[in-house]
Structure formats: C-alpha cells, structure tokens
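An overview of the molecular structure
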Amino acid sequence: MTTRNTTITVLLIALTTLISSTALATGSAARMSGFDLVDKVDASANDLVSIVVFLEDEQVQEQVYRAAVMPDVTRAARIKSVSERLQSFKPACYDRIAAYLDNNSTEPITRLWIVPAMSATLTRAQVSELAEMDGVKLVIPDVEIEGIDPVEERSIPRTSPAAASIPLNVLNVPHLWNLGLHGEGRVVCSFDTGVEESHPALTGNWRGNNASLRSSWMSTVAPDSLPYDKKGHGSHTMGCMVGVDGADTIGVAPGAEWITAAVVDQGKTLSATITDILLAFQWAMNPDGNSNTAVDVPDVILNSWGVPATLFDACDDTFWRAIDNVEAAGIVTIFAAGNEGPNPETIRNPANRATTAINSFAVGAVNNDKVVADFSSRGPAICSEAAIKPEVVAPGVSIRSVDSNGGYKFMSGTSMAAPYVAGLVALCRQYNPDCTVEDIKWALIRSAEDLGPVGEDNAYGNGLVDASRILQYLPSGQQPDFSIASVSVVDENGAAPDETFDLRVMLNNSNGNVQQVTGHLSTSTASGVTILDETSTFFFGEGGTTALNTSAFSVHFDNTIYNGQGVDFTLTLEGSDGYDFGSLDIALTCGFAPAGEVVLHNDGLIDFSVTDFGQYGLAQGSIYPANGAGFRYNGSDNLLYEAGIIVGRSALQLSSAVRGAESKYQPSDFAPVRSISQALTGSDQGTHRLARIADSDSDIPLPITISQETVDYSTFVDDGVIMVRYQIVNNSLEPLTGMHFGFLADFDLSDGLDAAYFDDSLGLVYQQAASGPMVGLKTLAGVASVSILDNGDTKLGLTRQDQFNLISGGSHLAEGVTSDVMFMVSTAALTIQPGDSSEVAFALVAGDSFDELTARAVRANELFAVPTSVDDTQAALPVDFELAQNYPNPFNPTTNISFTLPSAGDVTLTVYNALGQTVSQLAAGTLPAGTHTVEWDATNDSGDSVASGVYFYRLQSGDFSDSRKMVLLR
C-alpha cells in the first residue's frame, strides 16, 4: 500500500444549516471529487488508493427532511426519527457495492449510515470500475487531515480567577448567567485534537463522569483511553465553551457537559481521514448506540477542520449530506471562518457553503475592541456570488483558555471565536430544549451588533453576537407545567409503619407538550424510609395532559415511622433528552393520622398517653403507633398493645375505637368536640386533662357526647395511679335507652405468657407475668361487669357483634389463663334522659408486687371519693357553633336535628341525598343565639316521602359549616 501524501490543513469552522435542498450531482456515472483519479493520482493501474464511495440517497433524504420540519416535535423525538431512518436505510445497490468492496479491498471496509457510504482500499483500476457502477453517486480519495497552529500561541502562568473573562463580557454572556442559564442539562461536542480530561477547568463537566466512555469520547487512535490532547488546540477550544476552574469561569456554558471526537492530528503516522470525520458525525448523532435515548446527543458540534481550495473544488459538497443530517436531528454545527484573511473569498470548505442564508454558519474573529482581526477569513462565498460570509463574529484575539498540560495559554484565531458561539447554543437550548437549529441560528444573527459598514458585510457578517439580546429572538417554547394530580398508596395496609408499599403518582402537564418524562423519587426524611424502586416513566403521549407512572415507586417504612408522621418526598422530573424539568414535592402521611391530640400523663412511675378520640397508648409496637408513649411503669418498655372505648345500642348502632374482625387497627369512630386541654391542677393536687368527644365518625352515630377527664397524682404516695372518668351526655330531646359503654385494655407484659385475675372485693382486674410489673384496672363508678379474654396464639379479632356482646353480655372471667390476655370493664344498660349524663370511672394502676398493686387500688378508691374542683377556664374553648347528631338515628319517619349558635345570625339547614342533591331545606333565615331543634319528617320540599337510605344534613352560618349523616329505614 502506497503512503498517501496529500495533506488537508485543519481549521476550526462554525454553524451550518438544516436540510439543504441541493442534491449531490447525478448522472450515468459517479463524479470523482478532489482530484481526477486517472490524471492526478500518482499511481499505476495496480497501485492502491484509499477511497470513500457515496451511494444514492435521495429516498432517505426526503424522509429525513420530513422528520426535520415536523412542527411541534420535541428534540428527543426528532433525534430518534432521523437516526432510525438513516440507520435503517439501504439503497438498492448497497449489497452489490458492499460485495464488490469486500471482494477487492485490501483493508477492511468501513460502512457508514450518517450518509450511505463505505470506505475501502482498491487499485486505481478498480476505483475507475467502481465509479461506473449503477447506484454509485460519488467517489473521493480518503485523504488525511492535520492540525494547524493558531495565529498566536503563548503559555501564561495561572492568573487570579475572574467571574468572567473580557471576551465573555464583550459578548454580554453574564446577562444570560444572571437569568440562571449556565448550560445545565446540555451537552457540547468538538471535532478537534482531543481534550485533556484531567485539566481542572474541564474534568468536572466531562460527560464520561456519569456516562460510558464510548458515549463521551471518540478516538480512532486510543478509543479505550481517557480523553487526552497532544496538541492543546482541542482543550483550548473546549475551555472557551465550558471551562470553569473554581471561581475562574472561562467558558460560556460552565454548567454544560462535554464530549469530543479526536479526529484531528492525534499523532499517528497516517493522521485521521475523511472517513474519520464522517464516523465522528455518525457517532455524535448516537453516542451511546441507542436510538431511544437523547440525553447523550450533543446540542452543538464545534468543528475543528476544513478543506483547502487547492485540494478539492471550492464548492465541493462531500460533507454537506452529513452536516445536513445531524442538523435535521437538531444538532447545531459550528465552523470557524478560517485564518487566511484579510483577502476576500478565503473562507474554507465547508464553512463557505451558502446554498441558503444560514448555511454554513461561519464565525469570524474580532479583538476585544470589536475590530475584525486581519487573519480572519473573509467572504463572499465562492459558490454563490450573492452570499456574504461569515454569518457573525466573536472575540478571537489573545483568548485565554486552557492548555493541554494542565495550565493556561493565549491563542488567537477564528478557532477561538467559534467556541464562544457554540457555547451560546448550549444556553439557548437550556432556555428552550426543543427549539430548532434554524431557530438558534436566526436568534444568533438577529441579536448581533452591526459592526463595520452598515448592514451585513464580508468581514463582520451580521456583526458581533450579543448574548443579552438572543432570547428576544428565540422562541420561548411553552415550558411544561407539571403538577401532582394525585398520589395513591397501593397496599392493603396503606403506607403504614413497618410496611412496604407501592406509590402511584398521577402527573398533570396542562400544556400537553411533553410525551414522556422520567421521575426520580427521593426523600429528605433522615431515617426510617427506604425507597426500593426510585425511578419510573410517565407517558403522556402526543398532546396528553395526564400520565400515571408506568411502574410504581416502591417504598418501605420501618417501625420507627409512626402513624400520622409526615414524610416528604421529592419527585425530580427529567425529559427523554435529559433535560431537567425541576422537581415536585409530595407530602405523604404515614398510616392513619390521629383524629385529635395525643398527650402524656406522668406521675413519677407511670407514663401513659391519652387522646381526645377514644384510643390510648399509641406507642411503637402497639396496634396503632402514633408517636405516643404507651403505658410504661418505672422506666419499663411499653406494656400496652391497645386500649380504647366502645359505646353502642346494638351491633348496628355501635361506635368503636378498638380493633376490627381481622385483628387489625381500625380508625376511631370518635373525634374531639373540644380538644384535650393543657395540664390543669385540681384541688386534689392532681394533674387533670379535660376533653369532650363525640362518635361523629361512626356509620350510625348515637346522639351523645362524652366528657373525658384523666388525672395523675404527683405526690410520692400516689404514684402508680392514673384516674379516668367519663360523663356520657344525652344531647337529644328523647330518652336514650339500652346503651352500653366499655373500655378495652390489652396489656402485653411478657411474650404471651401473662395471666389475669379479678379481685371482686377490690373491684380490681389485673394482669401479671412471671416477672416484672403488674398492671390493673380498678373500677370506681358505673362499671357493672368485667371480662377477661384469651387472645390465644394471635390477637383476637373483634367483629361489631363481638364488641357489642362484650359490652352488653355481663362478666366473662377466664382467670389464671397463661396466655396473651386482655380485659374489659363495661356498664349495664344505660337509660339517660335528655340533657342528662351517666358517669363511668376507673383507675389504671401498676406495681412491682401484688401488695403494691392492691395498695394503689385502695388509694385510687380514696382519691376518687375526695371532692375535686378544677379551674377549667384555660381549658374551655370559646362557645362555638355545634351541630348535634340527629335523634333517633336510624329513624322512621321523623327525626330531630339540634344545633347551637353562639350569636344571632343567618342560618341554613339543608338535607341532601347521597348524590349531593338537595332534598329539603329545613331552616333558612335569621335565628337568635342558643340551642335550636328542627324536626324532619323524611319528605322533600315538594312534600313527597323519600326512600330509605343515607342522607346528609348541613348547617351553614357565616363562615361556619358542618355536616352529619343519618339513616332512614322504612
């Protein structure tokens, strides 16, 4: 194989255009470009020549053109469409030409898809034969390319860091920085001598830090090494695009990532060729080899090469197709105008292309005083008499940027001006990720400050790019407007403590302009929360405004997370091209939030958490961990698994705060009417807490409220005693008959080996284990029966019927059972007159021995007998509106509804059916302060009887409103 001796001098060139309508020349035989292979190749018929052969491609180019001009398409979709069309296209002649090259080439052939082409090494005679074949469009020599030194190059010591260099200020780049545009989420690429990856100004934003080497570095010499740069030229230009070293901001887009193709002068005997340049374009369109991803595809390619007119024709179109194809996919290409000024017509191919107003996009150089540099190549374009070149200018004289040895140097040349413009492309794409190549090019041109002769000219082009004006001419693009539509927990136990559950998130995008986003779930909660599956995709489709994550986020709460605890999540959204769409907050409440307040009683020996919704304890490890202390004695672990009240007249009309039939936690049917008070000191020196609760959350509430008082005693002699008193109040206008009240307590003193007993003489039901403290309930008032229940091997489930049987069925004593036991105290059937009440009282006692336990039971009896007054001024809430439960309920055919007004005012009382439709307006007008009662006879406003079912009544007065439900049974 003969050594090729043709040299292409390298020079940085800038932006080109979208799809060109100019096709390669056609004819019966292929055109031989660059030199005539018969007359100019110094070789005999049998000597070897390296060539690139281009095949017919009009069919695929039409498809690419249609994909490029499709309106309202995201950049990611455009990249995928163009890339797949090019990769799948095979002209009819493809297999025949490939077979010919395989059979005759002395070197392995290279197959390209960025354009339908192949490279091979053939004899001169075979090349002539190939050029005559049907389907062959163009044959060119695969010549070498080499680097060219800049006009000026001098190393400098590290200087004091600056927020922005003088050239960046000349371009007004800090204006875009102040708007938050630094290039985050964007990728720039260079075709140059390589980049020194280890340089402190470049190492931090190399894309290879977070992606594969293949998708971040292309080199035909050392593809498996980290990026390097023997010449320093590529490092310098990359520094102008993205360089930043601490506070020293060198580049236009310091937040962008960079990739590079080292296709210029990498130091091998035969330097990189035209095939390498085409391979670089092909790699840039699909760096990671996956057409379904776009985050790896650069926004801009800075081209560090050019073709001297002495080698190829000035209007040679060898590279036009490849440039058009990458721009069709949305990749802006940048070329430097060249360093061969000041004479006219000195811009090199392909930067001199001018088949449209914006291709190729060439950048000339000015100094910091905005005067064109003598070396900056001039137009007009040779290929079009009317084409003025370059398009724009940027600072390119004595530009300080990085050097390949870890240092810094000054260089001058249009090679230094072009990367500034390339960096601005990254900022434009951050502002509008889906703007087109044409959008960006025109924004750069229209923002330019006119220099030199008025209007566009062949030295300054349209003038100096002004970054402060670019956004005025760039389509803003309607940014997606994401919001959380809904969050749902997929698990039968919900997002409960010690549970793993799935999280489904419905996203809204009111603008309907994103087809797909990826969500990454994270949490700021320090401990107790583990996200098992943190990534999911949301498919909106074309124009869609809502999307559910395709796979659920999987989350685990450990047992340190408690019911009612708020857990904050962050959902970070990323576009299919890697664009950062920001984040959304998701607030999730663990399990069942408490219906009211949880407060602690402490008497020196006992810690006991009480509430204003009928449930007690609520410690970790209990049936309902809600950040309570449980029941602890003398520093012990929590001893109380569950405690709560039950009240009812039947299994149907029953309100409960204890477990259900499956032995699982059930939310309380009780809610506070008046929240539990702060600690108040009574005349008995006890610490009292007062609350008022109602069964308003029950399916069929009773018309009662319950006043609750809990007391601990801080004197040493009275430690170990917690008093609990209830006043059950009939709020209706009719006697309340056949009602029972009960208190259930399930203590776990050991691992299921407890025993329970009832001492009738003391009225004390108590529980003990083989060792450790003993606990009990001392009955004081209103208790008629005591039950001791065996939980068995697992916790006993309680249906509504079971619960009513327990509170109404008298005493059941399974004494001495060595098992997991629990007990209940309950009343006899109560009859309470309207406005009257009935008292139930008992004490929780604990001790280290039976003697201590009984002594405290006796003391509880004495304390209960002491008259006590409590100044509840601090605890009483202001007199307020109150809507009572109707009575009777269920009813047929009439029921009474009572409500209280703190002051005179306009009132409406309305009945609705289950569909929310108005049935009857029972009151409308001004009423005085006080308690009012209205009767409803189960008819609508027309006087017609209504059907059996659930109805709701709503009281509205000023800003106050409240609703309750009632049941009509005919």
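Below or above, wherever it landed, is the structure these notes cover. On a predicted model such as this, the values are computed, not experimentally measured, just so you know. (Residues numbered from 1 in each chain as written. Predicted model: local features only at pLDDT ≥ 70, side-chain atom pairs only at ≥ 80, totals over all residues. Heavy atoms only, no water.)

**Describing helix α9 (residues 320–328)**
Summarising burial for α9: nine of the nine residues are buried, a large majority. Buried within α9 we find Trp 320, Arg 321, Ala 322, Ile 323, Asp 324, Asn 325, Val 326, Glu 327 and Ala 328. Downstream of α9 by a residue or two, Gly 330 has a phi angle that is positive, lying close to 100°. (Buried < 20%, exposed > 50% of the residue type's maximum accessible area, 1.4 Å probe, protein only. Helix = DSSP H or I, 4+ residues; strand = E, 2+ residues; numbered from the N terminus.)

**Some thoughts on the sheet that holds strand β27 (residues 566–575)**
Strand order in the open sheet formed by four strands is β24-β22-β27-β28, and the pairing between neighbours is antiparallel. Bordering the open sheet on either side are β24 (535–539) and β28 (580–589), each of which pairs with just one other strand. Between one strand axis and the next, the sheet turns by 30° as a mean value, whatever way the strands run. In this sheet, β28 lies alongside β27 in antiparallel orientation, the contact comprising eight bridges. Within β28, the residue paired with Thr 572 across the bridge is Ser 583. (Pairing = 2+ DSSP bridges. Axes fitted to C-alpha atoms, helices over the stretch in contact; angles between N-to-C directions.)

**So, the layout of surface pockets**
Its volume calculated, the second largest pocket comes out at about 680 Å³. Surrounding the second largest pocket, 35 residues form its lining, Val 673, Arg 692, Phe 881, Glu 882 and Leu 883 being those nearest its centre. Mapped onto the lining of the second largest pocket, the elements with two or more residues apiece are β35 (671–674), β37 (686–694), β39 (721–730), β49 (882–883), β50 (895–901), β53 (930–936) and β55 (960–968). Sort the elements by how many residues they give to the lining of the second largest pocket and β55 lands first, with five residues. For the lining of the second largest pocket, the residue count by class is 15 nonpolar, twelve polar and eight charged. (1 Å grid on protein atoms, 1.4 Å probe; cavity = no way out; pocket = protein on both sides within 12 Å on 5 of 7 lines; lining within 4 Å. Points joined across faces, edges and corners; volume = space filled by probe spheres on them. Nonpolar A, V, L, I, M, F, W, Y, C, P; charged D, E, K, R; others polar.)

**Describing the side chain of Thr 910**
With respect to the helices and strands, Thr 910 occurs in strand β51 (residues 905–912). Classification of Thr 910 as buried rests on a relative accessible area of 6%. With residues near it in sequence (within four places) discarded, Thr 910 still touches Thr 918, Ser 920, Gln 921, Phe 952, Tyr 953 and Arg 954. (Contact = heavy atoms within 4.5 Å.)

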